[in-house]
Amino acid sequence: MDLIEQSYIFTDRELLILLATSGIECIYGFELPKEGDVTREEMIHSLHSLISKKFLISGNIPGKPYDLGEQIYPLFSIIKNAECTIEAVSPDDERQMIFYKAGESFTMIEREAKFNDREEDRFRLRPVTAPEFKDLLSDMPSSFGAENLLKEEEAQKYLKISPEVYETGQNLLNGRVPISEPAHDFLSDTYPYHEEFKGYIELKHDNKARCLRFVIMEQGVYKYIIFDDDVNAEINIYTEEKQSQLISQLLNM
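Conventions we followed
Along each chain, residue indices are assigned from 1 in the same order as the chain's sequence is written. Selection of residues for local features in this predicted model requires a pLDDT of at least 70, selection of side-chain atom pairs for listing and counting requires 80 or more, and totals for whole chains, interfaces and linings are taken over all residues. Hydrogens are left out, water is left out, and the side-chain values use all remaining heavy atoms of the structure. Think of it this way: any DSSP run of H or I at least four residues long counts as a helix, any run of E at least two long counts as a strand, and we number them from the N terminus. The cut-offs for exposure are 20% and 50% of the maximum accessible area for each residue type, with area from a 1.4 Å probe on protein chains only; residues under the lower value are buried, those over the upper are exposed, and the others partly exposed. Identification of polar contacts relies on pairs of N or O atoms within 3.5 Å, with a donor-acceptor requirement for protein atoms, meaning one able to donate a hydrogen and the other able to accept it, and with residues adjacent in sequence counted only if both atoms are side-chain atoms. In what follows, residue pairs with any heavy atoms lying within 4.5 Å of each other are defined as contacts. Definition used in this section: a nonpolar core is a set of buried Ala, Val, Leu, Ile, Met, Phe, Trp, Tyr and Cys residues joined via side-chain atoms within 4.5 Å.

Caption draft 1: Region of the structure containing the environment of Glu202. Within the fold, Glu202 resides in strand 9 (residues 197-205). Judged by its relative accessible area of 1%, Glu202 falls in the buried class. With 114 residues separating them in the primary sequence, Glu202 and Ala88 have C-alpha atoms 6.7 Å apart. A distance of 2.3 Å separates the side chain of Glu202 from the side chain of Arg213, its partner in a polar contact.

What follows is the structure, given as structure tokens:
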């Protein structure tokens with residue numbers, strides 16, 4: 001585990017231990033090791049590493065030997081009590097971020113790129129404010145953070161959505177994993193195999209049966225946004241106004 005400006009980087013085994021200690025059975029968007037994937041020796045090594053860095057401390061409840069250290073407790077508390085989960089993916093920008101939102105607070109989980117052929121995955125956890133959430137989406141220039149977008153008035157006046165665009169959008173929707181299904185890793189999803197696909201944001205809300213997905217696609221020099229709730233889908237030109245509306249909608253969910 002390394003600490004970088006309030007960011008905590010854990011191996012997949014360390015994250016598994018911390019989630020279990022928090023009483024969290026699984027996380028959305030990422031697949032963690034299952035029983036039998038990790039040896040007892042590997043788990044003991046990860047446990048000792050967390051204890052030595054005070055990310056695990058002695059527990060005060062009978063039957064619960066460990067508690068989370070105070071520096072990471074707020075991050076996992078937000079994950080456990082999240083009202084909604086937002087997954088933002090942009091393959092061209094090599095980003096997959098999961099945001100857990102509780103009240104006005106966010107915890108972000110992001111898979112780190114692999115280096116030196118290491119076997120285990122590493123995940124970055126950090127607290128995120130509303131302005132930082134907006135900045136992180138803006139850091140996906142190939143998709144949601146695209147610059148030089150048309151204004152809504154210009155798009156309505158000069159650009160019509162062609163049958164080809166509708167067909168491309170429908171092909172993307174037909175090929176994707178339904179958002180009501182269990183968590184999936186975007187690297188194994190169908191989307192990245194479509195060159196028109198540029199990114200998606202998927203929102204799951206605790207007290208709502210349906211989920212929302214926003215897909216960014218590119219046709220020619222223009223970008224389009226598809227709104228999809230697993231029942232209805234609507235495609236629009238991705239304009240400056242649509243970009244601002246999307247971020248506001250996500251922050252107010």
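Picking up where we left off.
Caption draft 2: View of the side chain of Thr239. Relative to the helices and strands, Thr239 resides in the loop between strand 12 (233-237) and helix 7 (240-251). Among the polar contacts made by the side chain of Thr239, one reaches the main-chain amide nitrogen of Lys242 at a distance of 3.2 Å. When residues no more than four places from it in sequence are discounted, the contact partners of Thr239 are Leu149, Leu150, Lys151, Glu152 and Ala155.

Caption draft 3: How the structure looks around the nonpolar core. Counting residues in each nonpolar core, the largest one holds 27 residues, and the members touching the most others are Phe10, Leu15, Phe76, Tyr100 and Leu125. Within the residue set of this core, elements represented by two or more residues are strand 2 (7-11), helix 1 (12-22), helix 3 (73-80), strand 6 (95-102) and strand 8 (122-128). Not counting residues within four places of it along the chain, the set of residues in contact with Leu125 comprises Gln6, Ser7, Tyr8, Phe10, Leu15, Leu75, Phe76, Ile79, Met108 and Ile109. With 25 residues, the next largest nonpolar core counts Val128, Leu136, Leu137 and Ile225 among its residues.

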